[in-house]
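# Analysis of the macromolecular model
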Amino acid sequence: MTALSVEGLTVHYGGVCAVRDLSFEVPAGEAIGVIGANGAGKTSTLKAVMGLIPRKVGKLRLGDLDLSRTSSRDMVRHGIGYVPEGRHVFAGLPVEKNLLLGAYARKWNAETRATLAEVYELFPVLGEMRHRLAGALSGGQQQMLAIGRALMSRPRLLLLDEPSMGLSPKLVEDILAVLLRLRGEGLSLLLVEQNAKLTFEATSSCLVVENGEVAMRDTSEKLRHDPRVRQIYLGL
Ligand code: ATP
């Protein structure tokens with residue numbers, strides 16, 4: 001079963017082509033990575049999948065659903081969660097209010113309350129700080145909050161844009177543990193990262209994008225041993 005299937009995705013900003021005819025799949029229950037340098041087109045790819053920026057796409061399917069003309073709001077309703085680059089938590093709102101905003105497409109009922117309890121179980125620190133303003137959280141805690149907020153919509157597929165950005169090595173390990181746990185629970189993941197080491201550990205296979213195109217695609221295990229990848233993306 002395929003969770004997400006994308007064919008022929010192209011993004012232009014004026015005359016600049018940021019993503020060129022990109023095709024990939026996320027098999028159900030698997031984690032797929034997209035690595036690449038600054039400006040390679042990773043963020044544009046995720047935003048384009050979510051329908052947050054104008055794009056051309058030949059085919060965009062979530063399971064059996066054709067989402068090639070679906071608005072970003074309905075993407076969430078259909079089961080795609082999105083954790084944006086830079087977290088974008090609502091700093092002036094309490095932690096719990098931020099989480100509830102992630103459930104905007106759902107009714108406030110026993111099921112939604114159960115999801116909130118699951119998020120607090122996954123991130124105990126968010127439970128402890130539920131009444132604190134999100135702006136008072138550390139960078140790592142804000143990243144947990146951004147992931148928790150996306151989980152509040154009960155996604156089938158989670159898109160994550162550079163969750164390790166700006167975090168200490170210890171917190172990157174914490175993020176890895178969270179991703180492995182979510183994957184273990186059957187959630188499908190599409191992880192965009194500059195941190196290739198984290199990505200190879202969190203995913204089963206990866207695309208390497210350069211200038212908006214797929215330069216390489218293989219299992220994460222093979223890529224992490226590839227001499228070119230080791231030199232460019234792992235600095236070895
Ligand atoms: P980063 O790691 O910095 O987020 P990225 O791989 O996510 O990089 P994108 O942000 O998708 O790359 O950018 C791809 C290309 O599109 C770059 O050349 C970038 O300068 C350009 N670009 C991105 N956003 C815009 C925009 N709003 N207007 C014009 N050009 C843009």
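Residues numbered from 1 in each chain as written. Predicted model: local features only at pLDDT ≥ 70, side-chain atom pairs only at ≥ 80, totals over all residues. Heavy atoms only, no water.

The strands making up a sheet are joined through hydrogen bonds of the backbone, oriented either antiparallel or parallel. Sheet architecture is open: 6 strands sit in the order 6-7-8-3-9-10, paired in mixed fashion. For this open sheet the edge positions go to strand 6 (80-83) and strand 10 (213-219), each flanked by a neighbour on one side alone. Each strand of the sheet is rotated relative to its neighbour by a mean of 15°, with strand direction disregarded. Inspection of the sheet shows strand 7 (residues 157-161) paired to strand 8 (residues 188-193) by 5 bridges, in the parallel sense. Across the sheet, D161 pairs through a bridge with V192, a residue of strand 8. Relative to the sheet, helix 6 (residues 139-151) contacts strand 6 and strand 7, its axis offset from that of strand 6 by approximately 165°. (Pairing = 2+ DSSP bridges. Helix = DSSP H or I, 4+ residues; strand = E, 2+ residues; numbered from the N terminus. Axes fitted to C-alpha atoms, helices over the stretch in contact; angles between N-to-C directions. Contact = heavy atoms within 4.5 Å.)

All right, on to the site of the ligand then. The ligand sits among 13 residues. The nearest are N38, G39, K42, T43 and S44. With 3 residues, helix 1 (residues 42-50) is the single largest residue contributor to the shell around the ligand. Of the residues belonging to the shell around the ligand, the class tally is 4 nonpolar, 6 polar and 3 charged. (Near = heavy atom within 4 Å. Nonpolar A, V, L, I, M, F, W, Y, C, P; charged D, E, K, R; others polar.)

What follows covers unusual backbone geometry. Its identity as a non-glycine residue notwithstanding, R154 has a phi of 55°, on the positive side. Mapped onto the secondary structure, R154 falls in the loop between helix 6 and strand 7. Even without being a glycine, N211 presents a positive backbone phi close to 50°. Within the secondary structure, N211 is located in the loop between strand 9 (205-210) and strand 10. On the basis of relative accessible area, N211 is assigned to the exposed category, the value being 66%. (Buried < 20%, exposed > 50% of the residue type's maximum accessible area, 1.4 Å probe, protein only.)

Taken together, the 4 strands give an open sheet; going across it, the order is 2-1-4-5, and neighbouring strands pair in antiparallel fashion. Two strands bound the open sheet, and with one partner strand each, they are strand 2 (16-27) and strand 5 (65-66). Two elements, strand 1 (residues 2-13) and strand 4 (residues 59-62), share 4 bridges in a ladder whose sense is antiparallel. Paired with L4 across the two strands is L62, which belongs to strand 4. Strands strand 1, strand 2 and strand 4 of the sheet are contacted by helix 1, whose axis makes an angle of about 115° with strand 1.

We now examine the domain arrangement of the chain. According to the domain assignment, the chain consists of domain 1 (2-79 + 155-234) and domain 2 (88-154). One C-alpha centre belongs to domain 1, the other to domain 2; they are set 23 Å apart. Contact with domain 1, which involves 17 residues of that partner, is made by 14 residues of domain 2. Looking at the side of domain 1 that touches domain 2, the elements that each hand over two or more residues are helix 2 (72-78), strand 7 and helix 7 (169-184). If one sorts the elements of the side of domain 1 that touches domain 2 by residue count, helix 7 sits on top with 6 residues. Looking at the side of domain 1 that touches domain 2, its residues break down into 11 nonpolar, no polar and 6 charged. (Domains from an automatic or database assignment.)

Inside soluble globular proteins, nonpolar side chains tend to come together where they are buried. Judged by nonpolar contacts, the single largest core of 36 residues is most densely connected at L126, I147 and L158. Of all the secondary-structure elements, those providing two or more residues to this core are helix 3 (95-101), helix 4 (110-122), helix 6, strand 7, helix 7, strand 8 and helix 8 (196-202). Three or more residues apiece are contributed to this core by two domains, here domain 1 (2-79 + 155-234) and domain 2 (88-154). Within the second largest apolar cluster, 31 residues are counted, among which are A18, V19, A48 and V76. (Core = buried A, V, L, I, M, F, W, Y, C linked by side-chain atoms within 4.5 Å.)

Mapped onto this numbering, the UniProt entry annotates "domain: ABC transporter" (unreviewed entry) at residues 4-236. The distance from the first to the last C-alpha atom of residues 4-236 is 33 Å, and the span holds 38% helix and 26% strand. (UniProt positions renumbered as here; feature names shortened; annotations may be inferred.)

Turning next to the pairing of strand 1. Across 8 bridges, strand 1 lies against strand 2 in antiparallel orientation. Looking at the pairing, V6 lines up with F24 of strand 2. Taken together, strand 1 and the strand that follows it, strand 2, pair antiparallel across an intervening segment of 2 residues, in which G14 is found at a positive phi of about 55°.

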